Number of protein chains: 2
Amino acid sequence: MPGKLYILPNLLDEELDPAPFLPISVNAAVAKLDGLIAESEKMGRRYLRKFISHDEMAKCPLRVLNEHTSDINELIIPMEKGECWGLISDAGLACIADPGADLVWLAHQKKISVETFVGPSSLIMALQLSGLSGQQFSFHGYLPRDAADLEKKIKELERQPGAKIWIEAPYRSAKMLDQLLKTLQPSTKLCVAVNLTMATQRVVSQTVAHWKGKSFPLGKEPAVFLIQ
Amino acid sequence: MPGKLYILPNLLDEELDPAPFLPISVNAAVAKLDGLIAESEKMGRRYLRKFISHDEMAKCPLRVLNEHTSDINELIIPMEKGECWGLISDAGLACIADPGADLVWLAHQKKISVETFVGPSSLIMALQLSGLSGQQFSFHGYLPRDAADLEKKIKELERQPGAKIWIEAPYRSAKMLDQLLKTLQPSTKLCVAVNLTMATQRVVSQTVAHWKGKSFPLGKEPAVFLIQ
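Residues numbered from 1 in each chain as written. Chains lettered and ligands numbered in written order. Predicted model: local features only at pLDDT ≥ 70, side-chain atom pairs only at ≥ 80, totals over all residues. Heavy atoms only, no water.

### Thoughts on the nonpolar core
Piece 1. Counting 128 residues, the largest nonpolar core has A:Leu8 and B:Leu8 as its most contacted members.
Piece 2. Apart from residues no more than four positions distant in its own chain, B:Leu8 is found in contact with B:Ala29, B:Val30, B:Leu33, B:Leu36, B:Tyr47, B:Gly86, B:Leu87, B:Ile88 and B:Phe117. (Core = buried A, V, L, I, M, F, W, Y, C linked by side-chain atoms within 4.5 Å. Buried < 20%, exposed > 50% of the residue type's maximum accessible area, 1.4 Å probe, protein only. Contact = heavy atoms within 4.5 Å.)

### Let's talk about the relation of the copies chain B and chain A
Piece 1. Mapping chain B onto chain A calls for a screw motion: a turn of 180° about the axis and a shift of 0.0 Å along it, with 0.0 Å RMSD after fitting. Expressed as a symmetry operation, the mapping of one chain copy onto the other fits a two-fold axis.
Piece 2. Interface overlap between copies is the fraction of interface residues in one copy that are interface residues in the other; for chain B against chain A it reaches 100%, indicating a shared surface. (Least-squares fit on C-alpha atoms with pLDDT ≥ 70 in both.)

### Comments concerning the domain arrangement of chain A
Residues and elements named next belong to chain A.
Piece 1. Looking at the assigned domains, one finds that chain A contains domain 1 (4-116) and domain 2 (122-227).
Piece 2. A separation of 30 Å is found between the C-alpha centroids of domain 1 and domain 2.
Piece 3. Tallying the contact residues gives 6 residues for domain 1 and 8 residues for domain 2.
Piece 4. A buried area of about 530 Å², summed over both sides, lies between domain 1 and domain 2, and 81% of it is on carbon and sulfur atoms.
Piece 5. Contact with domain 2 buries area across many residues of domain 1, yet Leu12, Phe21 and Ala97 alone supply 71% of it, more than any other trio.
Piece 6. Along the contact surface separating domain 1 from domain 2 lie 0 salt bridges.
Piece 7. Across the contact surface, domain 1 and domain 2 share 0 residue pairs in polar contact (both at pLDDT 80 or more).
Piece 8. Among the residues making up the side of domain 1 that touches domain 2, the classes are represented as 5 nonpolar, no polar and 1 charged. (Domains from an automatic or database assignment. Buried area = accessible area lost by both parts, 1.4 Å probe. Salt bridge = Lys/Arg side-chain N within 4 Å of Asp/Glu carboxyl O. Polar contact = N/O pair within 3.5 Å; in protein donor to acceptor, adjacent residues only side chain to side chain. Nonpolar A, V, L, I, M, F, W, Y, C, P; charged D, E, K, R; others polar.)

### Re empty space enclosed by the protein
Piece 1. Evaluation of the coordinates by the stated rule reveals 3 cavities of 30 Å³ or more.
Piece 2. Considered as a void within the structure, the largest cavity measures approximately 130 Å³ in volume.
Piece 3. Elements supplying a minimum of two residues to the lining of the largest cavity: α6 (122-130) of chain A together with α6 (122-130) of chain B.
Piece 4. Looking at which element gives the most residues to the lining of the largest cavity, the answer is α6(A), with 3 residues.
Piece 5. Partitioned by chemical class, the residues of the lining of the largest cavity number 12 nonpolar, 5 polar and no charged.
Piece 6. Taken together, B:Asn10, B:Glu14, B:Met43, B:Arg46, B:Tyr47, B:Lys50 and B:Asp90 make up the full set of residues lining the second largest cavity.
Piece 7. Looking at the lining of the second largest cavity, its residues break down into 2 nonpolar, 1 polar and 4 charged. (1 Å grid on protein atoms, 1.4 Å probe; cavity = no way out; pocket = protein on both sides within 12 Å on 5 of 7 lines; lining within 4 Å. Points joined across faces, edges and corners; volume = space filled by probe spheres on them. Helix = DSSP H or I, 4+ residues; strand = E, 2+ residues; numbered from the N terminus.)

### Let's talk about the interface of chain B and chain A
Piece 1. Between chain B and chain A, the residue contacts involve 51 residues of the former and 51 residues of the latter.
Piece 2. Summing the contributions of chain B and of chain A, the shared interface buries around 4100 Å²; its carbon and sulfur component is 61%.
Piece 3. Considering only the side of chain B, the residues that lose the most area to chain A are B:Trp105, B:Val118 and B:Gln128, jointly responsible for 18% of the buried surface there.
Piece 4. Connecting chain B to chain A are 0 salt bridges.
Piece 5. With 7 residues, α6(B) is the single largest residue contributor to the side of chain B that touches chain A.
Piece 6. Residues that form the side of chain B that touches chain A fall into these classes: 29 nonpolar, 17 polar and 5 charged.
Piece 7. Inspection of the sheet shows strand β6 (residues 137-142) of chain A paired to strand β6 (residues 137-142) of chain B by 3 bridges, in the antiparallel sense. Bridged to A:Ser138 within β6(B) is B:Ser138. (Pairing = 2+ DSSP bridges.)

### What to know about the side chain of B:Ser205
Piece 1. Along the chain, B:Ser205 falls in strand β9 (residues 202-207).
Piece 2. Look at B:Ser205 and you get buried, because its relative accessible area is 1%.
Piece 3. A distance of 2.5 Å separates a polar atom in the side chain of B:Ser205 from the backbone oxygen of B:Ser130.
Piece 4. In contact with B:Ser205, other than residues within four places in its own chain, are A:Trp105, A:His108, A:Gln109, B:Ser130, B:Leu132, B:Leu190 and B:Cys191.

In structure tokens form, the structure reads like this:
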């Protein structure tokens, strides 16, 4: 009988306490795992430590799934034999702006049942907090790094309907904001959501015209960008 | 001092127990509310009943925000005076495929702090469970009802990059699936996620070629559709 793949939520910052952000069903699911697939062994262990004892952890094998993983077929074998494995990414929800989708697709082809659990997604929290359209929206991952390509992409997104959402490496957050204020039209709505779920969380959502009169110190912090 | 707007998660089905789907921070937030904004008074009361006593409920005023609400300025007044109000939609996350975004945008303009809480989103759960791309995706609300317009829209979405997600009124779910199987290319990936978080949940994710050999009885059930 085929096993199960549990897509488990992680926190948006590993220092956080899970209780305000994860429902108790996650604890029960982690306690049932025969193994865990994570972006790295270190992050996998840190995750398990939040839910189970050191002894239980020693019995829970870890496998790695990240951009260097060449063969996901091997990861699915224990589930084909009836085991129940978990899948997490380093932060937030696996398969959403993070690895995991290929493994889930393979699980469907192998008739392995896939379940997911409620947890924090920085994209979705940012969209809710932005006041931009949740009736029509699109997520674009990372935008191009080359300055000319980036400017072109920002203008292209600005013309599309609905809310457009993307992320950036924390050390480039300030540069992205500068570029947006230079490129966007004054009437375009711009939201920047920084350090979501952390004590330092801040969200500003204004037209570009209003943004220009505003000081918004932005360090090397994880940010979600939204325009409409 | 301006008050607060809490965007609170609802369940995907009102019969469910909140514990497996909502973190305990939601209980604490509901207990602090000075009032609740919901799509209808009835649904607002049913929500409060899950978290607070009858006596506490009697002290918590309810206001309605739905497609018939003409003046959202009035809804924000108590928060301008320092009160803390909650916002929910009938199911899942307010502001995501549901009303609320305009109120959040207004709150930003009035310097009212907005917070959100982790909860279930059928779109995001469906995307995770689909195995389609969570690196690039778009949500399109409801597609056109007219048969010719719908066919055109499906073909247009099929050509766009990434995962495309939409919803349909439950009584039209089976019709939508029929139309998809008629219109899409055999190699296109199609996922249908039905009754998410309920005991009757089922998710099938296959290429259209594989779907065609499959029987998938679909009643008047809430479904999320995804293609890539």
